[in-house]
Amino acid sequence: MMAVGVDPQMPASTTLDKGATLSLRSVTKRFGGVAALSEFSLEVKPGELIGVIGPNGAGKSTLLSLINGAQRPTSGELVLDGTHRIDRLRAYRVARLGVARAHQIPRPFARMTVRENLLVGAQSAGRRAAASAHLVEDVLDLCGLSDRAQRPAGALPLLDLKRLEVARALSLDPRLLLLDEVAAGLVAHEIDEITELISGVHKRGVTILLVEHVQALVQALAERVVVIDFGKQIAEGTPAEIAEDPDVIRIYLGAGEEGATRRVRVEPDTPVKELLGTDRLCVDYGKLRALRDVDFKVGESEVVAVLGANGAGKTSLARALAGIVPAGDGKISFAGADITGLPAYKRARQGIAICHEGRRLFTGMKVRENLDLAAYSGASSGHQDELLARVYQLFPLLEQRAASLAGELSGGQQQMVAIARALMSDPRLVIFDELSLGLAPAVIDQIYVAIEEIRSWGISIVLIEQNAYRALGIADRAYVLERGTVSYVGSPEALEDPAALRAAYFGGAVVGKIAREGGKQEEMG
Ligand SMILES: Nc1ncnc2c1ncn2[C@@H]1O[C@H](COP(=O)(O)OP(=O)(O)OP(=O)(O)O)[C@@H](O)[C@H]1O
Ligand SMILES: [Mg+2]
């Protein structure tokens, strides 16, 4: 029942110890020339919920890796319950002491069902079958996965994958839970859901370290926030104190949405020339129709936002446009030609690039090789150097880390590679599926400035984004998908009213009205 489990193998004194649950004492972790953490110290009190924030590559995931035994520190000590050195223990031993982690990039056993994935964790501590089964059902229920228990994990959409990642950690019945960006990629109401889930776990007495770029979660849950930059603690305080700290704002939080200004359209009524269009596009996965009769248009140099809850069909639309999944029905045209039957690689050569949700880099290849490969397979012909200069200007870090293996980069750094890779193919249209996934707030500010620049290169942009207001602030037009159909098409301004946005996300009578009005006003000819 996810009680504050007491390990029978632990020395009795630890259960009486009222000191820190976890102490890090002057911990350093080096990877070759990179010091991911240096001389880092932290005390975590029993039952605390600490938020850990900081720029991409600051060392947050490394911190969690050292705590759960996935990696060993170069120097320093990690102590559990004031007595137990854990920095030389193997990961499974640390897990048995009650430490569990949800990973930044979920990697469940894809061919096993959700329930089987949890049974692996529940049974790993030598728990009896009945007790394991009981624990698993409790975790399924807590994480809202009961009705998906029989599905193979590999077939889950993002929100469920994230839930499963948390559930897998909970299946170890931990007393110290390490969460690495569990809210990444979730839209507003899903963030509320995951907030409630974590709060529920915390109320059961579990101590939690929460690494997160989604500030809503940190603000709602953390009792104390620790800010890391370049492997060192640079600030500490309550969420409110941290949000006001000028250094933290400068280094990490950025100006946020308040700093963003809507682009002033010079001639709002000028008709745009259509670059891509779909006509009653449908996408089917077996018997499931994921996208139904979608009419979708993108003009030359236009930025089009696609919003909607997870599972609404945004990624299916992206994949159908890029040719990764076939159209079940309907047509797709690009630059005046019918491309409905064209395979993905030919669409790439014609200038359609996609930046996938979840990055999908060649992790065993160097950063530079990932970029070169895209230039080679896309529409670019002979001006790779120019393209490379352009993406290095966008993300200077990628030039510094060009020779690193992509898989060795932090989550946010990998997202930068994925964005750069899409641009390296010299596209006419880029589809960004979850543009700001895993990026620090200040970097998101930069990216949104960069979107303007990318558009000025004459590139059209489809922007799928969990942060609706952010995308609406820059888009020329917006679509909202709801259960596979278009529930809104029209001006982004009309959606800035939260009630209208909510209606478009969740359907109902109001939505029909919005869709019709918006469609009439704004649809391109
Ligand atoms: N296995 C590794 N080999 C080489 N370098 C690594 C390895 N793991 C991490 N690094 C480097 O250590 C630094 C810290 O990475 P870490 O993943 O801890 O960052 P993070 O704070 O979690 O960032 P993000 O917010 O982007 O997830 C980065 O510069 C990263 O490239
Ligand atoms: Mg990380």
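This structure is a prediction, so every number in the text was calculated from the model and none was measured. Residue indices follow the written sequence of each chain, beginning from 1 at its first position. For naming, the first written chain is A and the first written ligand is 1, with later ones following in the order written. In keeping with the model being predicted, local features are shown solely for residues with a pLDDT of at least 70 and side-chain atom pairs are shown and tallied solely at 80 or more, while totals for entire chains, interfaces and linings include all residues. Side-chain metrics rest on all non-hydrogen atoms present in the structure, leaving aside hydrogens and water.

Turning next to the sheet that holds strand β9 (residues 224–229). Read from one edge to the other, the open sheet built from six strands follows the order β6-β7-β8-β3-β9-β10, with strand pairing classed as mixed. Whereas interior strands pair on both sides, the edge strands pair on one side only; in this sheet they are β6 (99–102) and β10 (232–237). Between one strand axis and the next, the sheet turns by 20° as a mean value, whatever way the strands run. Most of the contacts of helix α6 (residues 158–170) go to β6, to which it runs at about 170°, and overall it touches β6 and β7 (176–180). What makes two residues a contact is simply this: any of their non-hydrogen atoms within 4.5 Å. Comment: axis = line fitted to C-alpha atoms, over the contacting stretch for helices; angle = value between 0 and 180 degrees taken between N-to-C directions. Strands here are runs of E lasting at least two residues and helices are runs of H or I lasting at least four, both read from the DSSP assignment and numbered beginning at the N terminus. Where helix α7 (residues 188–203) meets the sheet, it contacts β3 (49–53), β7 and β8 (207–211), and its direction lies at approximately 150° from that of β8. One requirement defines pairing of two strands: DSSP has to find at least two bridges between them.

Further remarks concern the packing of helix α10 (residues 246–253) against helix α18 (residues 441–456). The axes of two packed helices give the description: the angle between them and the distance between them. Running from N to C, α10 and α18 point in directions that differ by 50°, and their axes come no closer than 6 Å. As summarised for this structure, α10 and α18 are arranged oblique, according to the angle between their axes. Contacts between α10 and α18 involve I251, Y252 and L253 from the first element and P441, A442 and D445 from the second. Residue type decides the class: Asp, Glu, Lys and Arg count as charged, Ala, Val, Leu, Ile, Met, Phe, Trp, Tyr, Cys and Pro as nonpolar, and the leftover types, Gly among them, as polar. Residues of the contact of α10 with α18, tallied by class, amount to five nonpolar, no polar and one charged. Should an angle fall under 35 degrees it is taken as roughly parallel, and over 145 as roughly antiparallel, whereas 65 to 115 is taken as roughly perpendicular and any remaining angle as oblique.

With water omitted from the atoms examined, metal sites may look incomplete; donors here are N, O and S atoms no farther than 2.8 Å from the metal, or 3.2 Å in the case of Na, K and Ca. Coordination sphere of the magnesium ion (ligand 2), protein contribution only: S61 (OG) and Q104 (OE1), at 2.0 to 2.3 Å. Highlighted residues: S61 in helix α2 (residues 60–67) and Q104 in the loop between β6 and α4 (114–124), separated in sequence by 43 residues.

Right, let's get into the site of ligand 1. Here, proximity means that at least one heavy atom of the residue falls within 4 Å of the molecule or strand. As a matter of local geometry, ligand 1 sits amid 21 residues, with K60, T62, H213, S410 and G412 nearest to it. Counting of polar contacts relies on pairs of N or O atoms within 3.5 Å, with two restrictions inside protein: one atom must be capable of donating a hydrogen and the other of accepting it, and residues adjacent in sequence are counted only when both atoms are side-chain atoms. With respect to ligand 1, the side chain of T62 contributes an N or O atom lying 2.5 Å from an oxygen atom. Shrake-Rupley sampling with a 1.4 Å probe provides the accessible areas, and residues are treated as covered by the protein chains on show and by no other component. Taken by itself ligand 1 offers 640 Å² of open surface, and the protein chains cover 89% of this. Breaking the shell around ligand 1 down by element, the ones donating at least two residues are β2 (34–44), α2 and α17 (411–424). Here the residues of the shell around ligand 1 are counted per class, giving six nonpolar, 11 polar and four charged. An automatic or database domain assignment provides the domain bounds reported here. Both of domain 1 (22–106 + 171–252) and domain 3 (361–426) provide at least three residues apiece to the shell around ligand 1.

In short, geometric facts, not functional conclusions.
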